[in-house]
Every structure is written in structure tokens, then in C-alpha cells.
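Survey of secondary and tertiary structure
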Amino acid sequence: MESNRTVDSPATVGLRGRCPRCGEGHLFKGYLSFRPSCEVCGLDYRFIDSADGPAFFVMSIVGIVVVALAMWVEFAYEPPMWVHAALWAPLSIILSLILVRPLKGMMAALQYSNKAAEGRFR
């Protein structure tokens, strides 16, 4: 992992799915799989291990939004349960799919900028 970082904000670069070092190359080769390396600066992406971080943040954000909206709809309109199922299941799925890729990119960029590595005993 090299330290010559030339981009300003790792969060912005990660949310855009760009290389954490140069900010130009693509980070992903598919929807969620990382490329082997940056096609612009050659940064090797094998150091990236976002693990369950993006999933945790997606579940937290989507859970807060959906539960808040469901409670508001319940208290304001008192709809039958099938309306809740019809509204909140698709919204949860759609929000999760929208958020997981940018958050995974942001976690990778933050990992690069903070020089995160596997823990070791000295």
C-alpha cells in the first residue's frame, strides 16, 4: 500500500467508486467486486478488505429510515398490515441496493487513506 495520495477526500472518491490514490481509475469491475488494480495509476487493490462494514452501515441507515417512515405512516393513517408489507419491503431492498456500492467504495478509500492493515502482535 503506497502513501502518495493525490486526491482530497477519501469519502468523496470512495462514494464515486474511484481509485483512492489517483481518483480517476475505477474501483469496481462489477456491481460489488473490486478490480485487481487501478487502470490509471496501477494501485494494487488486493489490500482492500471491507468485510462487513458496508453491510452494517447499510442495515443501520436503511433500518432507521424505514422504521421511522413506517411509524409515521402507522400513526398518521393506520393502514392495514398488507400496506406496510407492500411499502416497506421494496423500499428496504431498493435503498440497500442503492447504498451498498458507494459505502463499500468509501470503506475501501478510507482503508487506503488511513493505511489500515490486519492487526499484528509485535
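If you're wondering where the values come from, they're calculated on a predicted model, not measured in any experiment.

Take the environment of P54 next. Within the secondary structure, P54 is located in helix α2 (residues 53–77). In this structure P54 comes out as buried when scored by relative accessible area, which is 4%. For the pair formed by P54 and V100, sequence separation is 46 residues and the distance between their alpha carbons is 6.2 Å. Non-local contacts of P54, meaning those with residues more than four positions away in its chain, are made with V100, L103, K104 and M107.

As a further point, take the UniProt feature "transmembrane region" (unreviewed entry) in the protein. The residues that UniProt annotates with the feature "transmembrane region" (unreviewed entry) are residues 55–75 and 81–100. Between the C-alpha atoms that bound residues 55–75 the distance is 30 Å, and the span itself is 100% helix and 0% strand. What you have in residues 81–100 is 100% helix and 0% strand, and the ends, taken at the C-alpha atoms, are 28 Å apart.

Looking now at the nonpolar core. Core analysis: the biggest nonpolar cluster contains 12 residues, these being C19, C22, L27, F28, F34, C38, L43, Y45, F47, I48, A108 and Y112. Among residues more than four places away in sequence, those in contact with L43 are C19, P20, R21, P36, S37, C38 and Y112. One finds V58, V73, W88 and M106 within the second-largest nonpolar core, a separate group that totals nine residues.

A separate point is the confidence of the model for the protein. For the protein, the mean per-residue pLDDT works out to 92, and 93% of the residues sit at or above 70. Averaged pLDDT values for the elements of the protein fall to 92 in helix α1 (residues 10–16) and rise to 97 in α2.

Here R101 lies in helix α3 (residues 81–113). Leaving out residues up to four positions away in the same chain, R101 has contacts with F28, G30, Y31 and L32.

This part is about the pattern of salt bridges. As a working rule, side chains carrying opposite charge can pair if their charged atoms are close by. Evaluation of the coordinates by the stated rule reveals two salt bridges. Measuring nitrogen to oxygen at the nearest pair gives 3.7 Å for the salt bridge that ties E39 to R35. According to the relative accessible area criterion, E39 is partly exposed, its value standing at 44%. For the salt bridge of R46 with D44, the shortest nitrogen-to-oxygen distance reads 2.6 Å. On the accessibility criterion, R46 (71% relative accessible area) is exposed. The partly exposed category is assigned to D44, whose relative accessible area is 30%.

What counts as what
Every chain's residues receive numbers from 1 upward, in the order its sequence appears when written. Predicted model: local features are reported for residues with pLDDT of at least 70 only, side-chain atom pairs are reported and counted for 80 or more only, and whole-chain, interface and lining totals are derived from all residues. Where side-chain values are given, they derive from all heavy atoms of the structure, hydrogens and water being excluded. Comment: elements are numbered from the N terminus, with helices defined as DSSP H or I runs of at least four residues and strands as E runs of at least two. Only protein chains enter the accessibility calculation, which uses a 1.4 Å probe; a residue is then buried when its area is under 20% of its type maximum, exposed when over 50%, and partly exposed in between. We call two residues in contact whenever any of their non-hydrogen atoms come within 4.5 Å of each other. UniProt positions are given in the numbering used here, feature names are shortened, and annotations may be inferred rather than shown by experiment. Nonpolar core, defined: a set of buried Ala, Val, Leu, Ile, Met, Phe, Trp, Tyr and Cys residues in which side-chain atoms within 4.5 Å join the residues together. Per residue, pLDDT measures the predictor's confidence, with a range of 0 to 100. By definition here, a salt bridge exists when the distance from a side-chain nitrogen of Lys or Arg to a carboxyl oxygen of Asp or Glu is within 4 Å.

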